[in-house]
Amino acid sequence: MGLLDNKVVLVVGVGPGLGKEVARIVLNEGGRVALADISEEAMADTHAELDPNGERTLTCRVDLQDESTCLAAVDAIRNQFGRLDAVVLVAAFAGAFDLLADRTIENWKLTSDINVAGNLRVIKASTDLLTESGGGAVAIVGSTAGVLPTAGYTQTAYGISKAALIAATHYLSKELGARGIRVNNVAPGYKMGPALQSALESWAEAADTTTEAVSGPILDTLSLHRFANDVDVANAVLFFITDLSRNVTGQTLYVDGGMILH
Ligand SMILES: NC(=O)c1ccc[n+]([C@@H]2O[C@H](COP(=O)([O-])OP(=O)(O)OC[C@H]3O[C@@H](n4cnc5c(N)ncnc54)[C@H](O)[C@@H]3O)[C@@H](O)[C@H]2O)c1
């Protein structure tokens, strides 16, 4: 018996990293999954790898900036699966990493429109079907960047958007709690993958040293002295979208190896 038997989960952002791992874990736990992404290629790759016969998956193109695609995805889920039990919001725009002085306001607005308004568009579109299905869970993927400035202090727009998602988690847990919908936030710290690898390489190049040399001082700030991987973060998402956390809402869980301590 799986933790998600007979459950349906919408995952937005199923690219090569975290979203694919979340979809894999949902299928492993007996659930069905709607794979949503702006990229047809990301959806096709994840679908082909996880469920080539398409027995327990559905793909639906979602652009977080376009509310009509969020509504269409929920309609497709209703038509194919007839219910929705959880929504996992993985997709994000990291934007260019630069300082306020170097950033255009248009670029700032883009980051916020995708990361903040985009997640709200999906949650708003999903609320009725979650309610009709007996309540459910929303897991927002945030970042430690929302509370702790890092990466040369150049993640300003991204960090502000992730901080706003912590506030959204608080407010929506209050608003949607009455409908039996829990809202929580999983905030990774340094997560190994293409983004971190390329950041380490560029910091190493700038300092004319190796990626191991630049990794060392970062790892020293983490109690566990290790970077997270996608499975570590997907397991935290699993906690929030199953009954394991049935009395938990409005919380942010840092999956950061012990960087931020409360
Ligand atoms: N990589 C890290 O070190 C790190 C650290 C902290 C938090 N995070 C967060 O973890 C999450 C996953 O990161 P990842 O690097 O594994 O992601 P990823 O790049 O593997 O996947 C993100 C997916 O989002 C999709 N996407 C982008 N814009 C979209 C839009 N407008 N509409 C719909 N889909 C869109 C992309 O096509 C992609 O498939 C993000 O929310 C990110 O902010 C990552």
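Just so you know, the residues in each chain are numbered from 1, in the order the chain's sequence is written. Restriction of local features to residues with pLDDT of at least 70 applies here, the model being predicted, together with a cutoff of 80 or more for giving and counting side-chain atom pairs; totals for whole chains, interfaces and linings are based on all residues.

### A few points about the pairing of strand β6 (residues 181-188)
Right, on to step 1. Counting buried positions along β6 gives 8 out of 8 residues, so the element sits mostly inside the fold.
Right, on to step 2. Covered by surrounding structure in β6 are I181, V183, N185 and A187 together with R182, N184, V186 and P188, the residues of both alternating faces.
Right, on to step 3. Here 6 bridges tie strand β5 (residues 136-141) to β6, and the two strands are oriented parallel to one another. Counted as the bridge partner of I140 is N185 from β6. Here exposure depends only on C-beta density: within 10 Å of a residue's C-beta, 20 or more other C-beta atoms make it buried, 12 or fewer make it exposed, and intermediate numbers make it partly exposed, the C-beta atoms being placed from the backbone. For helices the rule is a DSSP run of H or I covering at least 4 residues; for strands it is a run of E covering at least 2, with both sets numbered from the N terminus onward. Pairs of strands are assigned from DSSP output, requiring at least two bridges between the strands.

### Section: the domain arrangement of the protein
Right, on to step 1. An automatic or database domain assignment provides the domain bounds reported here. Examined at the domain level, the protein breaks down into domain 1 (8-191 + 228-254) and domain 2 (193-227).
Right, on to step 2. Here contacts are defined at the residue level, using C-beta atoms placed from the backbone and a cut-off of 7 Å between them. On the side of domain 2, 6 residues touch domain 1, which itself brings 7 residues to the contact.

### A few points about the site of the ligand
Right, on to step 1. The criterion for a residue being near a molecule or strand is simple: its C-beta atom, placed using the backbone, must lie within 6 Å of it. Taken together, the neighbourhood of the ligand is formed by 29 residues, with G13, G15, G17, A91 and A92 sitting nearest.
Right, on to step 2. For the shell around the ligand, the secondary structure elements donating two or more residues are α1 (18-28), α4 (105-132) and α6 (194-206).
Right, on to step 3. Each residue is assigned to one of three groups, with Ala, Val, Leu, Ile, Met, Phe, Trp, Tyr, Cys and Pro labelled nonpolar, Asp, Glu, Lys and Arg labelled charged, and all others, Gly among them, labelled polar. Grouping the amino acids of the shell around the ligand by side-chain chemistry returns 17 nonpolar, 9 polar and 3 charged.
Right, on to step 4. If you count residues domain by domain, the shell around the ligand takes at least three from each of domain 1 (8-191 + 228-254) and domain 2 (193-227).

### What about the packing of α4 against helix α5 (residues 156-177)?
Axis angle and axis distance: for two packed helices, these are the angle between their axes and the distance between the axes, and together they describe the pair.
Right, on to step 1. To obtain an axis, a line is fitted to C-alpha atoms, over the contacting stretch when the element is a helix, and the angle between two such axes runs from 0 to 180 degrees between their N-to-C directions. The interhelical angle for the contact between α4 and α5, taken along N-to-C directions, is 20 degrees, at an axis separation of 9 Å. The angle between α4 and α5 falls in the class roughly parallel. When the axes of α4 and α5 are compared, the crossing they make is right-handed. In contact with N107, W108, T111, S112, N115, V116, N119, L120, I123 and T127 of α4, α5 contributes A157, Y158, S161, K162, A164, L165, A168, L172 and L176.
Right, on to step 2. Across the contact of α4 with α5, the residue classes tally to 11 nonpolar, 7 polar and 1 charged. Should an angle fall under 35 degrees it is taken as roughly parallel, and over 145 as roughly antiparallel, whereas 65 to 115 is taken as roughly perpendicular and any remaining angle as oblique. Handedness of a crossing is defined here by the sense of rotation of the near helix relative to the far one, left-handed for an anticlockwise turn of less than a right angle and right-handed for a clockwise turn.

### Things to note about helix α3 (residues 67-81)
One turn of an α-helix holds 3.6 residues; hence residues three or four places apart share an orientation.
Right, on to step 1. Look at α3: 21 Å from first C-alpha to last across 15 residues, which is about the 21 Å you get at 1.5 Å a residue.
Right, on to step 2. Looking at α3, one finds that the buried residues are C70, A73, V74, I77 and F81. Projected down its long axis, α3 shows its buried positions confined to an angular sector of 95 degrees, all on one face. Residues of α3 that are exposed and angled more than 90 degrees away from the buried face: S68 and N79.
Right, on to step 3. Taken together, the buried residues of α3 touch β1 (8-12), β2 (32-37), β3 (57-61) and α4.
Right, on to step 4. Downstream of α3 by a residue or two, G82 has a phi angle that is positive, lying close to 75 degrees. In this analysis, the expected span of each helix is defined as 1.5 Å times one less than the number of residues it contains. By arc we mean the arc of the directions from the helix axis to the C-beta atoms, nothing more.

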